[in-house]
Structure formats: structure tokens, C-alpha cells
Amino acid sequence: MTKTQQMSFFDAPVDSPTNPEAMAQALAQHPDFRVLRRLVPHSDYGPVSGQTTQRVIVLDTETTGLDSKTESIIELAMLSVLVDTVTGLPAGPVTIYESFEDPGKPIPAQITEITGIDDSMVKGLRIDDAAVTALVQQADLIVAHNAGFDRPFVEARLPVFAGKAWGCSFMGIDWKKEGSGSAKLEFLASERGWFYDAHRAQVDCHALLQVLASPLADGQTGLLRLLTGADQTRYKLRATGAPFESKDKLKARGYRWDGDGRVWWCSLGSDALLDAECAWLRAEVYGQRNAWVQLEAMDSRVQYSSRSGLLTERAV
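This is a predicted model, so every value here is computed, not measured.

Analysis parameters
- Residues numbered from 1 in each chain as written.
- Predicted model: local features only at pLDDT ≥ 70, side-chain atom pairs only at ≥ 80, totals over all residues.
- Heavy atoms only, no water.
- Pairing = 2+ DSSP bridges.
- Helix = DSSP H or I, 4+ residues; strand = E, 2+ residues; numbered from the N terminus.
- Axes fitted to C-alpha atoms, helices over the stretch in contact; angles between N-to-C directions.
- Contact = heavy atoms within 4.5 Å.
- Salt bridge = Lys/Arg side-chain N within 4 Å of Asp/Glu carboxyl O.
- Buried < 20%, exposed > 50% of the residue type's maximum accessible area, 1.4 Å probe, protein only.

## Remarks on the sheet that holds strand 8 (residues 234–238)
Taken in spatial order, the five strands line up as 9-10-8-11-12 in an open sheet, and their pairing is antiparallel. Where the open sheet ends on each side, the last strands, each with one partner, are strand 9 (256–258) and strand 12 (310–315). Ignoring strand direction, the axes of neighbouring strands in this sheet form an average angle of 35 degrees. Note: strand 8 against strand 11 (residues 292–298), five bridges, orientation antiparallel. For Lys-236, the partnering residue across the bridge sits in strand 11 and is Glu-296. Contacting strand 8, strand 10 (263–268), strand 11 and strand 12, helix 11 (residues 271–284) crosses the sheet at an angle of about 15 degrees to strand 8.

Below, the structure written as C-alpha cells:
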């Protein structure tokens, strides 16, 4: 066997037709092919420019189930990084925290199938409360992809999370408006040319951080969009007393039915949207008659948690 024959496929020269990167670049130029590369986690995003920064923690959990009141965290991962508030890009080193935690009961088989985490991997292990608390206290914003799931779990386990502003990269960015076919993290990563082994907390965090460091349609990064949106109050509007015959209009507009409260409701991300929605309700639902709706105002320290916001009523 010659020396050339012994050469590994991956050791081939860059300009060789058998070099994977050369092949990938060639395929990427062809309209009938799309190239995905394995996502490579970044441990350092380069020098801090000296401009204003804020510290963001990207967080993900794996749990024994869906209900934070009855289920437990089995894995917690966090990436803490500075974000340049002018460019919206990460800067400097990434501080990584990851830990398994023994839930004190067997991990359901379906959870092991999804995450690859079994009882032997978590046995006797526990999240380091002091280390997590120290890291979280430094953060200006906590971000999760579906914060409505992760936040109740981590707040139940570690109270320090309750005092922090939270952003949700799933709900807080209109991915459909951005031209994405799905808001699922794996899909967003693939649109940007990456694939990765999903459903493990740390690699999901790395994928989310890199997705959010990418530009959106207006050139702003997802990180900057979430940071600037952290000061906005979200509203849960309950259309109290809406006539029964208006249910199809409400459903078509995106309202959801609360069976316990027996009321249609929607979520609104700004005062302007709230004003517009109240005007629509008056014209289309309440027939221009005087009516009152219930509002629940939630700032970034409450939204996505299991805690209630400030309840008021408003005339429409």
C-alpha cells in the first residue's frame, strides 16, 4: 500500500477532491444541494470591544416530566456570556455550568429515550446551589428556548432565578415573520447551516447561543432583540363577558379558551398591541357597547414563570 493510499480521508489536502471541506464548499455552490456542518461550541467569542455590555445566561434543563410541581430537574446547563449592546454579538469567554441531579426516583423510560440520561448517570449527584447562585446573580437576562417550561422548574429548585429578568427565544421572537419555517431550535440551527445532537442541555445551549448571535431580517441579532425587549410588559388579555356568538372570531384571531375561567384570552407583547386589540374587541366582539376586559400585566421578572402578574380591568 502506498503512502497516498494510507492517507486518511480527513487528512487529505484542502484542494483535494476527497477533502470534506472542499467537497462541502463545492456542494454548497450547487443549487440542488444544501450543506450542514456539525455545530462547534465556542468557548470564547473574542475580545470585548470596550462598548457597553450586558451579561446573558442561556439556559436549558432536562427533566423527569412536564409538570414543574410534580417532576424534577435531572440536568441543568448554563452558558454565561457578555453581549455587546451595540452589535448584539457575544464577546469574551463563555462560562459554562452543567450538572446532573438525582431526582430521587427512577427516570421514566421515555425520558431516557429522548435525552439519553438514565438512572446510573444521575445517581447521588446534585446541582451546586452556591455555584449556580453566584453565576445567576451576575446576569442581566436569562434566556431559554421555551422559558415557560424551564423557568418554573429552575425557580422551584433555586429561588435566585425568581429575581431575574427572563426572555424566551421561542415566544419572544416571531420566527414566522423572520421567514423561518419552524421555531424549533433544531430547525433554526439547520437553517443557519448547523446540525447537532439535540436533547442534551449543554449542546442545546450552545446551539441556541449561536442561533441568537445570528442576524435577523432587520440585521439585529436575536440576543439584542431579547435584551431590548426585556423592558417591555406583556399582557394577558381576558375577553370577559364576550358573547357566545363571537367565539369563532376570537378563535380565528388567535384567542385561546380557558376552560377553568370560562373565558377567551390572548397574549400581547406591547402597549401598542394592547390598544389595537381593545379597539378590535370593541368593534368586532362587543358591538361598540361599553365593556370591561381583564388584564394581567407581566414584566420580565414575572413572565414565563408560574407566578401571576398585576391584575387590572380596562374599558374597551
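Additional details are given in the paragraphs that follow.
## Here we look at the pattern of salt bridges
Pairs may arise between side chains of opposite charge once their charged atoms sit close together. Under the counting rule described, the total for this entry stands at 17 salt bridges. In this structure, Arg-37 and Glu-21 form a salt bridge, with 2.7 Å as the shortest nitrogen-oxygen distance. In this pair, Arg-37 is assigned in strand 1 (residues 37–38) and Glu-21 in helix 2 (residues 20–28), connecting sequence segments 16 residues apart. On the basis of relative accessible area, Arg-37 is assigned to the partly exposed category, the value being 33%. Under the relative-accessibility criterion, Glu-21 is labelled partly exposed at 34%. Note that Lys-247 is salt-bridged to Asp-248, the shortest N-O span being 3.3 Å. Taken together, the salt bridges that share partners define one network made up of Glu-101, Arg-126, Asp-129 and Arg-157.

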